[in-house]
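As a plain string of letters, each chain reads:
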Amino acid sequence: MRIPLRDAVAVAAGVVAPFAAALVLLPLRTSVTHTNLALLLVVVVVAVSALGNRLAGALAALSAAAWFDFFHTEPYQSFHIQDRADVETAVLLLVVSLIVSQLAAYGRTMKRVAVTDATHLERLHRTTRLARSRTSSGDVVQRVRQELVDVLELGACRFEYGTLIGRPPRLDPDGTVHVDGWIWDLERQGWPEGEIELRAVVHGRYQGRFLLTPEPGSVPPPLEARLVAADLAAQAAATLDEDAVGAGRRS
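Residues numbered from 1 in each chain as written. Predicted model: local features only at pLDDT ≥ 70, side-chain atom pairs only at ≥ 80, totals over all residues. Heavy atoms only, no water.

Student: Any chance you could break down a nonpolar patch on the surface for me, citing the residues and the numbers?
Tutor: Taken together, the side chains of V87, V91, V95, I99 and L103 define a hydrophobic patch exposed on the protein surface, amounting to about 420 Å² of accessible area. Position of L103 relative to the elements: it lies in helix α4 (residues 84-132). Relative accessible area serves as the criterion here: at 56%, L103 is assigned to the exposed category. (Patch = residues over 30% accessible without salt bridge, like charges linked within 9 Å, V, L, I, M, F, W, Y side chains within 5 Å. Areas by Shrake-Rupley, 256 points an atom, 1.4 Å probe, with all protein chains shown as cover. Salt bridge = Lys/Arg side-chain N within 4 Å of Asp/Glu carboxyl O. Helix = DSSP H or I, 4+ residues; strand = E, 2+ residues; numbered from the N terminus. Buried < 20%, exposed > 50% of the residue type's maximum accessible area, 1.4 Å probe, protein only.)

Structure, rendered in structure tokens:
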């Protein structure tokens, strides 16, 4: 799987940033206490963790402790430490940096989850409002098609009315993907090749299917996104079913 650019940059920064900070602080090592120098390096670790992920934060913590030892404890330019107080400071720097880096990464993850959940909820609300506005079912299907492209990060998506033809891979309402009757391991294998069907079914009545085309080599979205996609398809199915029932009553 491809690593997001932001995470790749953060991992690189986790290695390089503490080294650069330790170099910048060299003129201060005789005028500032080692404890204060260590605290300044902790700030760098927190900054890297806030921008990156847990791995970047852990690398930054290890890098900060190593370069503090190398540049700011005697003997200088050596990973050996003579003074017991410096040993304690280096150990505390590592432990504190690891703790705060993971807390910062956790905070970033929770913020991302909250933003993502709010975005998914707004997608569902937009589609529901459209379905209730007495617009045509075709407009709802078109809106759902666009939302599926966004939420699943697809290359294309089309809707097919009528009966089922063929047996393409299928995205089920529980977010799993089935290929030839077997559950496909999305996390390990990525999207299956070709189009993937997402059926629009309500009250056991089949209304059609969305045919999803992922971007080549793209990382499958998380389960939450796939569940939202299934809910969107169900909303389209409900609108199509209402139109079909209304047409039957008028005929």
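Student: Describe helix α3 (residues 54-72), naming the residues involved and giving the relevant values.
Tutor: An α-helix turns once every 3.6 residues. As a result, residues three or four positions apart point the same way. Across its 19 residues, α3 extends 26 Å between first and last C-alpha, which sits within 8% of the 27 Å expected from 1.5 Å per residue. When we look at burial in α3, the residues that qualify are A56, G57, A60, A61, S63, A64, A65, F68, D69, F70, F71 and H72. (Expected span 1.5 Å × (residues − 1).)

Student: Explain unusual backbone geometry to me, and be specific about the residues and the numbers.
Tutor: With an omega of -5°, the peptide bond running from E74 to P75 counts as cis. If you check the backbone angles, E153 has positive phi at about 55° while not being a glycine. Within the secondary structure, E153 is located in the loop between α5 (137-151) and β1 (154-160). Relative accessible area serves as the criterion here: at 54%, E153 is assigned to the exposed category. Its identity as a non-glycine residue notwithstanding, H203 has a phi of 55°, on the positive side. Looking at the secondary structure, you find H203 in the loop between β5 (196-202) and β6 (205-214).

Student: Any details on the pattern of salt bridges? Residues and values, ideally.
Tutor: Tallied over the entire structure, the rule returns 10 salt bridges. Across the pair D185 and R188 runs a salt bridge, and its minimum N-O distance is 3.3 Å. One salt bridge connects R205 with D241, and the closest N-O pair in it is separated by 2.8 Å. Of this pair, R205 sits in strand β6 while D241 sits in helix α7 (residues 223-250), and the two are 36 residues apart along the sequence. One continuous salt-bridge network, built from bridges that share partners, spans R158, E160, E195, E197, R199 and R209.

Student: Break down the packing of helix α1 (residues 5-24) against helix α2 (residues 34-51) for me, citing the residues and quoting the values.
Tutor: The contact between α1 and α2 brings their axes to 9 Å, and the two run at 170°. Taken together, α1 and α2 sit at an angle that is classed as roughly antiparallel. Mapping the contact onto sequence places R6, A10, A13, G14, A17, P18, A21 and A22 in α1 and L41, V44, V48, A50 and L51 in α2. Here the contact of α1 with α2 is built from residues that sort into 11 nonpolar, 1 polar and 1 charged. (Axes fitted to C-alpha atoms, helices over the stretch in contact; angles between N-to-C directions. Parallel < 35°, antiparallel > 145°, perpendicular 65-115°, else oblique. Contact = heavy atoms within 4.5 Å. Nonpolar A, V, L, I, M, F, W, Y, C, P; charged D, E, K, R; others polar.)

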